[in-house]
Amino acid sequence: MIRLTIDGKRVEARNGEFLLALARREGIEIPTLCHHEAVEPAGACRLCMVEVTKAQWNGFSKLVTACLYPAEEGLVVRTDTERVMKTRREVLELLLARSPRAEAVRRLARQHGITVPKYNVDEEGDNCILCDICTRVCSTLVTGAIARVNRGVAKKVATPFDEASDVCVGCLSCARSCPTEAIAFLDDGLKRTIWGKTFDVVACSVCGAPTVTKEHPLWMAQRKGVVEEDFHVCDACKVGKTGQACRKVMW
Amino acid sequence: MESKLMHVFPEKCTACRNCEQACAFAHLHEGRPTRARIRADADPQQREGKNVLVVCYQCDAAACVAACPANALWRDMKTGAVYHVESRCIRCSSCVAACPFGNMRWEPLRQWPSKCDLCGGDPVCTRFCPTGAIQYK
């Protein structure tokens, strides 16, 4: 066990545990936008900055991202100093100037007293804050259809060469995990369009309700060996099937 | 591990749907029984005493757990229940598609999957069943 202090509270951390996870476990609030527990931390949004110091550092302290800084013996962490709040506000000003319509960014900015950023607002700016959750989710947990492309101001999330991806299965994980709802998709129950690719949505073989895309079960069956027939029935009809099977056995 | 189990007696079920209401109130905080995690499947031919309660079996080799790419479904070693960790979920709906019994359900309004977690060891539905068709003992 590693012993350290967060906001004056003595806590114990597991070896290799990051400060953000530790703080959340102890009920200390640190705002984040790019953190998702399903994937490795990336330090992309810079909102979780905290100030760390040690007794033997002779008064020196540094700002680090809590999501990527591992707990160390004797560390003194402050999450609410003036330096931390100033940095956090600065990051929010930049994010709000880039994505003025993103609800998650606006809410956090409002909580920190920012309604109009001091930087030039990009009125045409999309909601994407390049937090990298979608690309991390897709590349480590699904099929790796999207990535960050280009550098600098042209950086964006896209499929290779902006073409319809041949590995995307249309599971919508990227769009649904996006904290700012920046990934557009269309789903009318028959067709689903995301990243420029249109998928057929399989209708439930009993009631006709939309289930998943045709490619989704193929990918899952290949990966985990799950029985493929179960995918063509919606959850409500599967309940009916279970009831019917039970009735057949009992009566 | 505790030795308590969820017991379902279909012959006692009158499809009164108290369990669905209790579940909806306990987990969604609203009376929306269609989104409950337990379903009283009434007999389509309306024969009496032929209703089946469909609730998660907490399978040992669970298809939902196998299908989840993000390890968002964990087993509670105290109750033996598989529970859904929302903060780890990427909402790909693989688990909903994979469950052969329809006990992994999709909530369209919240766009989240939901499943019975035995309420952490004290299932609310069992307390509201008037006939004892569902018991936790």
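In this text, all values refer to a predicted model and were calculated from it rather than measured experimentally.

Student: Would you mind showing me how to read the sheet that holds strand β5 (residues 75-78) of chain A here?
Tutor: For sheets, the rule is that strands pair by backbone hydrogen bonds, running either parallel or antiparallel. All names here are of chain A. Pairing within the open sheet is mixed, and its five strands lie in the order β2-β1-β5-β3-β4. Both edges of this open sheet fall to β2 (9-13) and β4 (61-65), since each of them pairs with a single strand only. Along the sheet, successive strands turn relative to each other by an average axial angle of 35°, direction set aside. Two elements, strand β1 (residues 2-6) and β2, share five bridges in a ladder whose sense is antiparallel. Note on β2: the bridge partner recorded for Ile-6 is Lys-9. Contacts from helix α2 (residues 82-98) reach β3 (49-54), β4 and β5 within the one sheet, and its direction differs from that of β3 by about 155°.

Student: Could you clarify how one ought to interpret the domain arrangement of chain A in this entry?
Tutor: Many authors give the size of an interface as the accessible area that is lost as the parts come together. Residue and element names in this part refer to chain A. Partitioning chain A into structural domains gives domain 1 (2-111) and domain 2 (133-246). Relative placement of domain 1 and domain 2: their C-alpha centres are 33 Å apart. Taken together, the contact between domain 1 and domain 2 spans 13 residues of the former and nine residues of the latter. Three residues stand out in domain 1 for area buried against domain 2, namely Leu-33, His-36 and Val-39, and they jointly supply 48% of the buried area on that side. Counting across the interface, domain 1 meets domain 2 through zero salt bridges. In this assembly, domain 1 and domain 2 are joined by two residue pairs in polar contact (both at pLDDT 80 or more). Class assignment for the residues of the side of domain 1 that touches domain 2 results in nine nonpolar, two polar and two charged.

Student: I would appreciate a short explanation of the nonpolar core in the present structure.
Tutor: Soluble globular proteins tend to pack their nonpolar side chains together in the buried interior. With 65 residues, the main nonpolar core has A:Leu33, A:Leu47, A:Leu141, A:Val142, A:Ile183, A:Ile194 and B:Ile90 as its most contacted residues. Every element with two or more residues in this core is listed here: α2, α3 (103-111), α4 (133-141), α5 (173-177) and α6 (215-224) of chain A together with α2 (63-67) and α3 (94-98) of chain B. Among the elements that make up this core, the one with the highest residue count is α4(A) (five residues). Residue contributions to this core reach at least three from each of two domains, namely domain 1 (2-111) and domain 2 (133-246) of chain A. In this view, A:Leu47 contacts A:Pro31, A:Thr32, A:Leu33, A:Arg88, A:Val91, A:Leu92, A:Leu95 and A:Leu108; residues no more than four positions away in its chain are not counted.

Student: I keep staring at the sheet that holds strand β8 (residues 185-187) of chain A and nothing clicks. Help me out?
Tutor: All names here are of chain A. Strand order in the open sheet formed by four strands is β8-β9-β10-β11, with antiparallel pairing between adjacent strands. With one partner strand each, in any of the chains shown, β8 and β11 (210-213) form the two edges of the open sheet. For this sheet, the mean inter-axis angle between neighbouring strands, taken without regard to orientation, is 25°. Relative to β11, strand β10 (residues 197-203) is paired through two bridges, and the arrangement is antiparallel.

Student: What exactly am I supposed to notice about helix α7 (residues 235-250) of chain A here?
Tutor: Each turn of an α-helix holds 3.6 residues, which means side chains three or four residues apart point in the same direction. Across its 16 residues, α7(A) extends 23 Å between first and last C-alpha, which sits within 8% of the 22 Å expected from 1.5 Å per residue. Restricting attention to buried positions, one finds in α7(A) the residues A:Asp235, A:Cys237, A:Lys238, A:Val239, A:Thr242, A:Gly243 and A:Arg247. Of the surrounding elements, those touching the buried residues of α7(A) are β2 (39-41), β3 (52-54), α3 and β6 (105-107) of chain B.

Student: Looking at this structure, I do not really get a nonpolar patch on the surface. What am I missing?
Tutor: Residue and element names in this part refer to chain A. Together, Val-249, Met-250 and Trp-251 make up an exposed nonpolar region whose accessible area comes to about 310 Å². Relative to the helices and strands, Met-250 resides in helix α7. Look at Met-250 and you get partly exposed, because its relative accessible area is 37%.

The rules behind these values
- Residues numbered from 1 in each chain as written.
- Chains lettered and ligands numbered in written order.
- Predicted model: local features only at pLDDT ≥ 70, side-chain atom pairs only at ≥ 80, totals over all residues.
- Heavy atoms only, no water.
- Pairing = 2+ DSSP bridges.
- Helix = DSSP H or I, 4+ residues; strand = E, 2+ residues; numbered from the N terminus.
- Axes fitted to C-alpha atoms, helices over the stretch in contact; angles between N-to-C directions.
- Contact = heavy atoms within 4.5 Å.
- Domains from an automatic or database assignment.
- Buried area = accessible area lost by both parts, 1.4 Å probe.
- Salt bridge = Lys/Arg side-chain N within 4 Å of Asp/Glu carboxyl O.
- Polar contact = N/O pair within 3.5 Å; in protein donor to acceptor, adjacent residues only side chain to side chain.
- Nonpolar A, V, L, I, M, F, W, Y, C, P; charged D, E, K, R; others polar.
- Core = buried A, V, L, I, M, F, W, Y, C linked by side-chain atoms within 4.5 Å.
- Buried < 20%, exposed > 50% of the residue type's maximum accessible area, 1.4 Å probe, protein only.
- Expected span 1.5 Å × (residues − 1).
- Patch = residues over 30% accessible without salt bridge, like charges linked within 9 Å, V, L, I, M, F, W, Y side chains within 5 Å.
- Areas by Shrake-Rupley, 256 points an atom, 1.4 Å probe, with all protein chains shown as cover.

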